[in-house]
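Observations on chain architecture
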Amino acid sequence: MRRRPRDAHGQSTVEAAFLVPVLFILLLLLLQPGVVLYDRMVMNGAAAEGCRLLATRTDAAGADMEAYRGSVLRRLGSVPQEEHFHVHDGGGCSWEILLDGDESTGEVSVTIRNKLEPLPIVDEAATLLGMVDERGHLTVEVSASAPAQPQWVVESEAGLSPGTWVEERR
């Protein structure tokens, strides 16, 4: 049997001691885009659902947008209540939801903003690049818009009035 030279003992330990921290840093750098992507996916779904709800909002609903805002907030509930996913400023929720339009407008839109705390190492890079606000939080924003009525309804002879549609059927 051949023996390894004496000075080769421990070489793999030295290589691992160098490689393990590098792998952990790379893993950490890959986690932040995953967190932001997850937030954006949930926010996109909530914004699209909000648009579908706003397209059914009538004038009878008046200025009460809280029910619609609450529905969007329930959809956003799948984002973990953890600082790296969603920041709670001073005990309050940092979700900012802007709703616009109803069934009589040409288009409805929902805009959602979220703040999150970047992961370690990424926070330093984000600060250097000017991607964070004065408190060190990243802002993620998603907007969705949709027509309030399908094109065939808008172009119909009866127009947008359901009463006219009923009159035509008689």
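See the structure above.
What counts and how
- Position numbers for residues count from 1 along each chain, tracking the sequence in the order it is written.
- pLDDT decides what is reported in this predicted model: residues at 70 or higher carry local features, side-chain atom pairs at 80 or more are listed and counted, and totals for whole chains, interfaces and linings draw on all residues regardless.
- Computation of side-chain values covers all heavy atoms of the structure but excludes hydrogens and water.
- Put simply, DSSP H or I for four residues or longer makes a helix, DSSP E for two residues or longer makes a strand, and each gets a number counted from the N terminus.
- To sort residues, take the accessible area from a 1.4 Å probe on protein chains only and compare it with the maximum for the residue type: under 20% means buried, over 50% means exposed, and anything in between is partly exposed.
- Here a residue-residue contact requires only that any non-hydrogen atoms of the pair lie within 4.5 Å.
- Residue exposure ignores everything except the shown protein chains as possible cover, and the areas themselves are Shrake-Rupley values with a 1.4 Å probe.
- What counts as an axis is a line fitted to C-alpha atoms, over the stretch in contact for a helix, and the angles between N-to-C directions run from 0 to 180 degrees.
- Between 65 and 115 degrees an angle is taken as roughly perpendicular, under 35 as roughly parallel, over 145 as roughly antiparallel, and anywhere else as oblique.
- Here a crossing is taken to be left-handed if its near helix is turned anticlockwise relative to the far helix by less than a right angle, and right-handed if that turn runs clockwise.
- Ten residue types, Ala, Val, Leu, Ile, Met, Phe, Trp, Tyr, Cys and Pro, are classed as nonpolar, four, Asp, Glu, Lys and Arg, as charged, and the remainder, Gly among them, as polar.
- Strands pair, by our definition, only if DSSP identifies at least two bridges between them.
- To qualify as a nonpolar core, a set must consist of buried Ala, Val, Leu, Ile, Met, Phe, Trp, Tyr and Cys residues joined through side-chain atoms within 4.5 Å.

This next bit is on the overall build of the protein. A tally of helices and strands in the protein yields 5 helices and 5 strands. Along the protein, helices (α) and strands (β) appear in the sequence α-α-β-β-β-β-α-β-α-α when read from the amino end. Relative to its 170 residues, the protein shows a buried fraction of 28%. Considering only contacts in the protein between residues 6 or more positions apart, those separated by 24 or more positions represent 67%. Accessible area of the protein: about 11500 Å², with a carbon and sulfur share of 58%.

So, on to the packing of helix α1 (residues 11-54) against helix α2 (residues 66-75). The geometry of α1 relative to α2 is characterised by a closest axis approach of 9 Å and an angle of 155 degrees between their N-to-C directions. Between α1 and α2, the angle falls in the class roughly antiparallel. Considering only the axes of α1 and α2, their crossing is right-handed. Across from Val42, Gly45, Ala46, Glu49, Gly50, Leu53 and Leu54 in α1, the residues of α2 making contact are Tyr68, Ser71, Val72 and Arg75. Class assignment of the residues belonging to the contact of α1 with α2 gives a composition of 6 nonpolar, 3 polar and 2 charged.

What follows covers the sheet that holds strand β3 (residues 96-100). With respect to topology, 3 strands assemble into an open sheet ordered β3-β4-β5, the strand pairing being antiparallel. Looking along the sheet, the strands with just one partner apiece sit at the ends: β3 and β5 (138-147). Here the average twist between neighbouring strands, direction ignored, is 10 degrees. Strand direction decides the pairing type here: strand β4 (residues 107-116) and β5, joined by 10 bridges, are antiparallel. Across the sheet, residue leucine 116 finds its bridge partner in β5, namely leucine 138. Lying on the sheet, α1 is in contact with β3, β4 and β5; it crosses β4 at an angle near 150 degrees. Contacts from α2 reach β3 and β4, with the element oriented near 130 degrees to β3.

Turning to the nonpolar core, a few remarks are in order. Counting 26 residues, the largest nonpolar core has Met43, Leu54, Val72, Leu76, Leu99, Val110 and Ile112 as the members making the most contacts within it. Within the residue set of this core, elements represented by two or more residues are α1, α2, β3, β4 and β5. When residues of this core are assigned to their parent elements, the largest contribution, 6 residues, is made by α1. The contacts of methionine 43, once residues within four sequence positions are left out, are Leu76, Trp95, Ile112, Arg113, Asn114, Val140, Glu141 and Val142.

The analysis is restricted to geometry; functional conclusions fall outside its scope.
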